[in-house]
Amino acid sequence: MDKDPPYRNRIDAGCVLAGHLKQYGPGDAVVYAIPRGGIPVAVEVAKRLGSELDVIVARKIPIPHNTEAGYGAVTEDGAIVLNEPLVERLGLTRQQIERHADEVRAEIRRRQAVYRAELRSSSSVEGKAAIIVDDGLASGYTMMAAMSSIRRQGAAKVVAAAPVASSSAWELIKSAADEVVCPIVSYHYPFAVASFYRHWHDLTDEEVIRDLAGFRKVDERRAHD
């Protein structure tokens, strides 16, 4: 990018994103964070909206021999969303896909147990809007899997929200979400979420747990007011 990245860090991005979601007041929506990077963004959104916070653990299914890239994504309830043209180019069989997905599910189960332990309780989204938050959308397939999972939980409306997205992810998500909230859509290639943040690093479990514990304290104070 020719100029300074627009977001200082994920917290700053969450503040900006919350400003685009002000129409959702307390009780209108449940904010779902996609770990790990989406958690500090979603925490800020939930704080500013006065919303409940939950996590939806969705992870990419890595391409064999190129684990930085993925050919789809899977969620905690087993929902799989695939980039079918890429799957065809890779020549993957359904048995191979299931095996790869099972390997990812093991990490999903671990994250689900660790992260949910830091929240007051799992939230019911039935009849409410679900705002699903990540720190950026590169391919869009992780968000697609998360949306599929949340729809099955009875959400009245599914909102995909991220500070930045590639144009291809934006187009993909628009076809499946009831609403997409994304302040920046990039038409530049190659696209990298990290390039839109001045301070960026891969988060650890410890950092994520700290963020969730901090939100829980705010949530508990709010519940007792």
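Above this text you will find the structure in question.
As the structure is a prediction and not an experimental result, all values here were calculated from the model.

A. Representation of the pairing of strand 6 (residues 129-133) in the model. The element strand 6 is largely enclosed, with a buried count of five among its five residues. Side chains Ala-129, Ile-131 and Val-133 project from strand 6 onto one buried face, and the interleaved Ala-130 and Ile-132 project onto a second face that is buried too. Note that strand 1 (residues 29-33) and strand 6 share five bridges and pair parallel. Paired with Val-31 across the two strands is Ile-131, which belongs to strand 6. Pairing geometry for strand 6 and strand 7 (residues 157-161), over five bridges, is parallel. Within strand 7, the residue paired with Ile-132 across the bridge is Ala-160.

B. Region of the structure containing the side chain of Glu-207. Take Glu-207: it is sitting in helix 7 (residues 205-224). The buried charged residue Glu-207 lacks any salt bridge partner; its closest oppositely charged side chain belongs to Arg-210, at an N-O distance of 4.7 Å. A polar atom in the side chain of Glu-207 sits 2.8 Å from the side chain of His-201. Here Glu-207 is in contact with His-201 and Asp-202, once residues within four sequence places are set aside.

C. A look at helix 4 (residues 94-116). In this model, helix 4 (23 residues) spans 31 Å end to end at C-alpha, consistent with the 33 Å of a helix rising 1.5 Å per residue. Every buried residue of helix 4 is listed here: Ile-97, His-100, Ala-101, Val-104, Arg-105, Glu-107, Ile-108, Arg-111, Tyr-115 and Arg-116.

D. Quick look at the pattern of salt bridges. Tallying each qualifying case throughout the model produces 18 salt bridges. Between Asp-77 and Arg-152 there is a salt bridge; the shortest N-O distance is 3.0 Å. Placement of the pair is Asp-77 in the loop between strand 4 (66-75) and strand 5 (80-82) and Arg-152 in the loop between helix 5 (141-151) and strand 7, with a sequence separation of 75 residues. Arg-152 sits in the exposed class, given a relative accessible area of 51%. Arg-151 serves as the salt-bridge partner of Asp-178, at 3.3 Å between the closest nitrogen and oxygen. Placement of Asp-178 in the loop between helix 6 (167-174) and strand 9 (179-181) and of Arg-151 in helix 5 is noted, with a sequence separation of 27 residues between them. Residue Asp-178 is classed as partly exposed on the basis of its relative accessible area, which comes to 44%.

E. Spatial organisation of the sheet that holds strand 2 (residues 52-55). Here five strands make up an open sheet; going across it, the order is 2-1-6-7-9 and the pairing parallel. A strand with exactly one partner marks an edge of an open sheet, and here the two such strands are strand 2 and strand 9. Ignoring strand direction, the axes of neighbouring strands in this sheet form an average angle of 25°. Together, strand 1, strand 2 and strand 6 form the strand contacts of helix 2 (residues 38-49), whose direction differs from that of strand 1 by roughly 160°. This element, helix 5, spans strand 1, strand 6 and strand 7 of the sheet and lies at about 160° to strand 7.

So, how was this worked out
- Residues numbered from 1 in each chain as written.
- Predicted model: local features only at pLDDT ≥ 70, side-chain atom pairs only at ≥ 80, totals over all residues.
- Heavy atoms only, no water.
- Buried < 20%, exposed > 50% of the residue type's maximum accessible area, 1.4 Å probe, protein only.
- Helix = DSSP H or I, 4+ residues; strand = E, 2+ residues; numbered from the N terminus.
- Pairing = 2+ DSSP bridges.
- Lys, Arg positive; Asp, Glu negative; His and termini not counted.
- Salt bridge = Lys/Arg side-chain N within 4 Å of Asp/Glu carboxyl O.
- Polar contact = N/O pair within 3.5 Å; in protein donor to acceptor, adjacent residues only side chain to side chain.
- Contact = heavy atoms within 4.5 Å.
- Expected span 1.5 Å × (residues − 1).
- Axes fitted to C-alpha atoms, helices over the stretch in contact; angles between N-to-C directions.

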